[in-house]
Amino acid sequence: MSIASTQKKGFGAILWDYLTTVDHKKIGNMYLAAGAFFFLLGGIEALIIRIQLIKPENDFISAGLYNEMITMHGTTMIFFAAMPMLLGFMNGVMPLQIGARDVAFPFLNSLGFWLFLLGGILMNLSWFFGGAPDAGWTGYAPLSTSSPGHGLDYYVMGLQLSGAGTLMGGINFLVTIVTMRGPGMTYMRMPLFTWTTFVASILILFAFPALTVGLFLLQFDRMFGSAFFDVALGGNSVIWQHLFWIFGHPEVYILILPAFGIFSEIIPTFSKKRLFGYSSMVFATFLIAFLGFMVWAHHMFTVGLGPVANSIFAVGTMAIAVPTGIKIFNWLATMWGGSIKINSAMLWALGFIPSFTIGGMTGVMLGASTADFQYHDTYFVIAHFHYVIVGGVVFGILAGLHYWWPKFFGKVLNETMGKIAFWLFFIGFHLTFFIQHFLGLMGMPRRYWVFLENQGLDTGNLISTIGAFFMAAGSIVFIINIIYTTAKGEKAANDPWGTGRTLEWAISSPAPEYNFKQLPLVRGLDPYWIEKMDGNTKMTPAEPLDDIHMPNGSILPVVISIGFFIASFGFIYQVDNKSWLIVLFAGMVIAIGSMLIRSLKDDHGHHIHKEDLEKEAD
Amino acid sequence: MSHDHSLSPEIHDPAKATHEGKHKYLGLWFFLGGETVLFASFFATYLALRNSTAGGPSSQELFGLELVFVMTILLLTSSLTSVYAIYHMKNHDFKKMQLWFGITALLGLGFLGFEIYEFTHYITDYSFTFRSSAFGSAFYTLVGFHGGHVVFGLSWLTALMVRNAKRGLSLYNAPKYNTFAIYWHFIDVVWVFIFTVVYLMGMVS
């Protein structure tokens with residue numbers, strides 16, 4: 001496969017290329033595209049929720065549909081929008097930052113993506129096949145075990161598929177970072193985004209299996225008549241809550257840590273200063289991850305675990321504010337005295353700091369277990385987690401899109417539109433969610449379909465809904481920006497910002513298939529910056545030019561995922577009619593058969609030859 | 001980086017001589033980290049529900065240590081024989097490696113046979129099923145998931161042994177055998193915990 005063959009291909013060939021690709025950059029782009037699609041879906045669901053709540057006793061949608069909307073909004077945003085987009089960044093950026101030509105398991109990488117995508121599609125197909133899941137994104141038993149129809153079955157199978165994909169991604173990134181760092185790239189020279197990828201992958205590895213088990217128990221109860229959550233047969237529904245939150249709390253750090261990493265790249269680049277307190281940033285990341293595993297029961301203060309358990313989990317929760325505070329102050333200190341350039345990427349980073357700090361502060365409030373009895377299940381909680389997830393994760397994703405767009409797609413996003421989108425979204429965000437703190441304190445419960453008039457909730461809800469439309473407008477401007485840039489944007493230079501510090505800016509935009517023609521020699525933290533300061537325009541190669549070994553593409557990941565996708569329908573509908581077991585087995589035969597083919601067929605990859613590389617321009 | 005996968009005598013550990021081999025080795029260890037959480041969650045669920053018999057048979061009535069003792073011996077021995085197989089792999093002795101892996105597979109199969117007998121025994125003689133109580137659900141899920149891992153491991157080993165029977169050992173297939181062996185040890189360790197937590201604790205309490 002020569003490099004020239006990547007140019008001028010028909011639609012069919014391009015489609016086949018993406019279906020079979022094992023290139024981490026293309027997989028990263030597909031994660032971003034699929035994540036953006038689900039982000040829009042989840043956004044539309046959010047707008048429908050807000051329209052329903054625009055006035056008291058509204059009848060825009062029915063109560064049942066409202067329950068489906070809130071469930072699908074939460075699940076879609078967390079599992080199919082935020083996480084995939086972050087995995088997209090990890091795929092697209094991390095191997096470049098450590099000076100690697102690929103990830104450790106390219107095939108597994110592709111399989112992980114297709115499992116996630118088909119899991120997301122599966123779950124959303126429930127809209128067309130008798131109704132979406134309606135037990136909230138947390139799927140608490142016994143509500144989830146007794147929910148009629150197949151909505152919750154789609155929830156179980158969809159999350160099971162995409163969860164397996166995410167776990168593969170996590171293992172892949174861990175092995176990549178441990179074994180494939182380039183010459184001179186020691187651990188303490190790794191960029192912060194790579195560090196956060198590493199730590200988030202550890203969290204994925206140890207948190208997701210708990211969700212897997214929870215989903216299995218739910219699946220067995222719903223589909224095969226087991227009694228895990230059936231109190232009549234001795235079951236215990238609190239087990240679900242524990243398993244869900246043992247996964248669910250680390251999950252919020254799986255989301256926020258990579259976003260922290262993105263900001264830790266952007267702020268030094270546009271402050272023209274090295275990151276303040278690099279070692280403490282790394283340490284704080286680990287500390288947050290460690291404490292993140294110790295605090296799951298703060299979601300369960302009102303369950304009745306007793307004062308001792310509540311106190312321990314309350315103290316643990318509040319302790320997380322310390323490493324997070326370290327990070328906030330390090331970002332501020334990085335900007336202190338720097339020559340700051342404010343563009344769209346930097347605007348999102350600047351908007352993030354106060355927004356996220358508010359979310360962190362309400363987090364400490366919620367962590368006070370006695371006070372939590374007042375806040376629990378009110379809009380105060382909604383306001384809190386939207387401040388951390390939108391103000392932290394979504395801002396991080398949008399900042400990262402502006403920052404790395406040239407590296408992914410070879411063009412710089414339009415600045416004017418970028419700034420308009422930021423201000424619309426930023427104002428809309430605070431308009432929507434700030435007021436919800438007060439709605440919550442006044443007693444408005446979450447997940448309620450309607451509220452009564454003249455209880456002091458009317459104006460607040462109206463303002464909140466208006467804010468949501470501002471956010472929608474911001475998102476639309478962002479999409480127009482993408483279309484405009486793709487059509488009209490000019491080709492970006494290797495280092496379009498001029499102040500890039502890390503290895504990805506030393507190579508062309510977008511990066512070539514093999515990333516580095518010769519692996520670069522890393523001489524310290526911010527390796528590209530060091531070379532620039534020494535008057536070099538590019539990295540010093542650490543090896544002579546030679547043939548590059550590349551993995552072969554394969555259609556098998558798609559086939560395996562489709563097999564499990566088909567089998568999921570078998571699982572869901574065999575409850576009604578046992579002949580669906582045929583579909584289950586057929587799907588499993590496809591999936592396991594393809595895995596067997598992968599295992600039995602030798603695949604040694606291919607080489608890009610030295611002669612072809614010499615023809616390529618730098 | 002060598003482009004062919006033939007074995008040369010100076011290679012000490014063919015499983016970790018290539019980049020691919022190192023990746024697989026580390027990747028499997030990380031995977032087992034995740035598997036640990038998986039089984040820990042099943043164990044926790046089991047511990048929470050093991051006395052929730054809903055009027056059905058309890059663990060004291062069901063379990064017999066004789067059967068479980070034989071199963072434990074079979075699985076522990078299979079772990080030992082897989083160590084012999086890896087020892088021969090490191091000495092580049094493909095035939096002996098296949099032989100010891102073959103014995104490993106037979107012992108694993110024996111374990112599985114006893115487990116199937118055990119389950120049918122509970123179902124037919126005690127009407128103790130997956131659906132009869134929360135204890136039943138938790139028991140069959142925990143022990144069944146372990147059994148499922150044994151089935152998967154045996155299929156994996158069989159595929160490897162049949163595929164490579166005529167090809168001999170190379171740097172390409174050595175990491176595959178090695179990752180299987182580590183996985184097999186893990187299954188063994190999980191069984192030790194099942195033996196203790198499910199059977200021993202189930203007999204005394």
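Residues numbered from 1 in each chain as written. Chains lettered and ligands numbered in written order. Predicted model: local features only at pLDDT ≥ 70, side-chain atom pairs only at ≥ 80, totals over all residues.

Draft legend 1. Focus on the overall build of chain A. Counting secondary structure elements, chain A contains 20 helices and two strands. Taken along its principal axes, the extent of the C-alpha atoms in chain A is 70 × 60 × 50 Å. In chain A, buried positions account for 54% of the 618 residues. The long-range share in chain A, meaning contacts at least 24 apart out of those at least 6 apart in sequence, stands at 82%. (Helix = DSSP H or I, 4+ residues; strand = E, 2+ residues; numbered from the N terminus. Buried ≥ 20, exposed ≤ 12 C-beta atoms within 10 Å, placed from the backbone. Contact = placed C-beta atoms within 7 Å.)

Draft legend 2. The overall build of chain B, seen in detail. In terms of helices and strands, chain B carries six helices and zero strands. Listing each helix as α and each strand as β along chain B from the N terminus yields α-α-α-α-α-α. For chain B, the spread of C-alpha atoms along the principal axes amounts to about 65 × 30 × 25 Å. Split into buried and exposed, the 205 residues of chain B put 40% on the buried side. Contacts in chain B between residues far apart in sequence, at least 24 positions, make up 81% of those at least 6 positions apart.

Draft legend 3. How the structure looks around the UniProt feature "transmembrane region" (unreviewed entry) in chain B. In the UniProt entry, the feature "transmembrane region" (unreviewed entry) is given for residues 26-47, 67-87, 99-117, 137-162 and 182-202 of chain B. A helix fraction of 100% and a strand fraction of 0% characterise residues 67-87 of chain B, whose end C-alpha atoms lie 31 Å from each other. (UniProt positions renumbered as here; feature names shortened; annotations may be inferred.)

Draft legend 4. Structural view of the environment of phenylalanine 101 of chain B. All names here are of chain B. Position of phenylalanine 101 among the secondary structure elements: in helix α4 (residues 94-126). Exposure remark for phenylalanine 101: the 26 C-beta atoms within 10 Å place this residue in the buried category. For the pair phenylalanine 101 and phenylalanine 63, spaced 38 residues apart in the sequence, the C-alpha separation amounts to 31 Å. In this structure phenylalanine 101 touches Ser82, Ala85, Leu157 and Met161, once residues within four positions along its chain are discounted.

Draft legend 5. Representation of the interface of chain B and chain A. Across the contact, 30 residues belong to chain B and 34 residues belong to chain A. Put simply, the parts of the chain that give the side of chain B that touches chain A at least two residues each are α1 (19-49) and α5 (134-164) of chain B. Broken down by element, the residue count for the side of chain B that touches chain A peaks at 15 residues, all from α1 of chain B. Each residue belonging to the side of chain B that touches chain A can be placed in one class, and the counts come to 16 nonpolar, eleven polar and three charged. (Nonpolar A, V, L, I, M, F, W, Y, C, P; charged D, E, K, R; others polar.)

Draft legend 6. Layout of unusual backbone geometry. All names here are of chain A. Cis geometry is found at the peptide bond from alanine 141 to proline 142, where omega equals 5 degrees. Backbone torsion omega between serine 509 and proline 510 reads -10 degrees, so that peptide bond is classified as cis. Phi at arginine 447 is positive, roughly 65 degrees, even though this residue is not glycine.

Draft legend 7. Up close: the nonpolar core. Residues and elements named next belong to chain A. Counting residues in each nonpolar core, the largest one holds 228 residues, and the members touching the most others are Ala82, Leu203, Phe263, Ile266, Ala349 and Ala399. Of all the elements, helix α7 (residues 192-224) adds the most residues to this core, at 21 residues. Once residues lying within four places of it in the same chain are set aside, the contact partners of alanine 349 are Phe263, Ile266, Ile267 and Ala399. Ranked by size, the runner-up nonpolar core spans five residues in total, among them Tyr66, Met69, Ile70 and Met72. (Core = buried A, V, L, I, M, F, W, Y, C linked by C-beta atoms within 7 Å.)

Draft legend 8. Broad picture of the confidence of the model for chain B. Residues with a pLDDT of 70 or more make up 98% of chain B, whose mean pLDDT is 94. Here the prediction assigns the complex a pTM of 0.96, and the interface score ipTM is 0.95. (pLDDT = per-residue confidence, 0-100.)

Draft legend 9. Looking closely at helix α12 (residues 344-367) of chain A. Relative to the 34 Å expected for 24 residues at 1.5 Å per residue, α12 of chain A spans 34 Å between its end C-alpha atoms, a close match to the ideal helical length. The largest bend in α12 of chain A amounts to roughly 30 degrees and is located at phenylalanine 352 of chain A, with the proline proline 354 of chain A lying one to four residues further along. (Expected span 1.5 Å × (residues − 1). Bend = angle between axes of the 7 residues up to and from the residue.)

Draft legend 10. Fine view of the packing of helix α6 (residues 151-179) of chain A against helix α18 (residues 556-573) of chain A. Residue and element names in this part refer to chain A. The N-to-C vectors of α6 and α18 enclose an angle of 155 degrees; their axes lie 10 Å apart at closest approach. As far as their axial angle goes, α18 and α6 are roughly antiparallel. The interaxial crossing formed by α6 with α18 has right-handed handedness. In this structure, α6 uses Asp153, Tyr154, Met157 and Leu161 to contact α18, whose residues at the interface are Phe564, Phe565, Ser568, Phe571 and Ile572. Each residue belonging to the contact of α6 with α18 can be placed in one class, and the counts come to seven nonpolar, one polar and one charged. (Axes fitted to C-alpha atoms, helices over the stretch in contact; angles between N-to-C directions. Parallel < 35°, antiparallel > 145°, perpendicular 65-115°, else oblique. Left-handed = near helix turned anticlockwise from the far one by under 90°.)

Draft legend 11. Here's a closer look at the environment of valine 192 of chain B. Residue and element names in this part refer to chain B. Counting through the fold element by element, valine 192 comes out in helix α6 (residues 174-204). Taking the C-beta count within 10 Å as the criterion, valine 192 has 13 such neighbours and is therefore assigned partly exposed. Here the alpha-carbon distance between valine 192 and threonine 72, two residues 120 residues apart in the chain, equals 7.6 Å.

Draft legend 12. Examining helix α9 (residues 278-292) of chain A more closely. All names here are of chain A. With 15 residues, α9 extends 21 Å from end C-alpha to end C-alpha; this agrees with the ideal 21 Å at 1.5 Å per step. Buried within α9 we find Tyr278, Met281, Ala284, Thr285, Ile288, Ala289, Leu291 and Gly292. For α9, the secondary structure elements touched by its buried residues are α7, α8 (238-271), α10 (307-319) and α11 (321-335).

Draft legend 13. Region of the structure containing the confidence of the model for chain A. Of the residues in chain A, 98% reach a pLDDT of 70 or more, and the chain-wide mean stands at 95. A low-confidence stretch, residues 1-6 of chain A (pLDDT under 50), is modelled with six contacts involving residues beyond four sequence positions or located in other chains.

Draft legend 14. Region of the structure containing the packing of α12 of chain A against helix α15 (residues 415-441) of chain A. All names here are of chain A. Contact geometry of α12 with α15 gives a least axis separation of 10 Å together with a crossing angle of 10 degrees. Here α12 lies roughly parallel to α15, going by the angle between them. Within the contact between the two elements, α12 uses Ser344, Leu347, Trp348, Gly351 and Thr362 and α15 uses Glu415, Gly418, Lys419, Phe422, Phe426 and His437. Grouping the amino acids of the contact of α12 with α15 by side-chain chemistry returns four nonpolar, five polar and two charged.

Draft legend 15. Region of interest: the environment of alanine 349 of chain A. Within the secondary structure, alanine 349 of chain A is located in helix α12. Along the sequence, alanine 349 of chain A and phenylalanine 113 of chain A sit 236 residues apart, while their C-alpha atoms lie 28 Å from each other.

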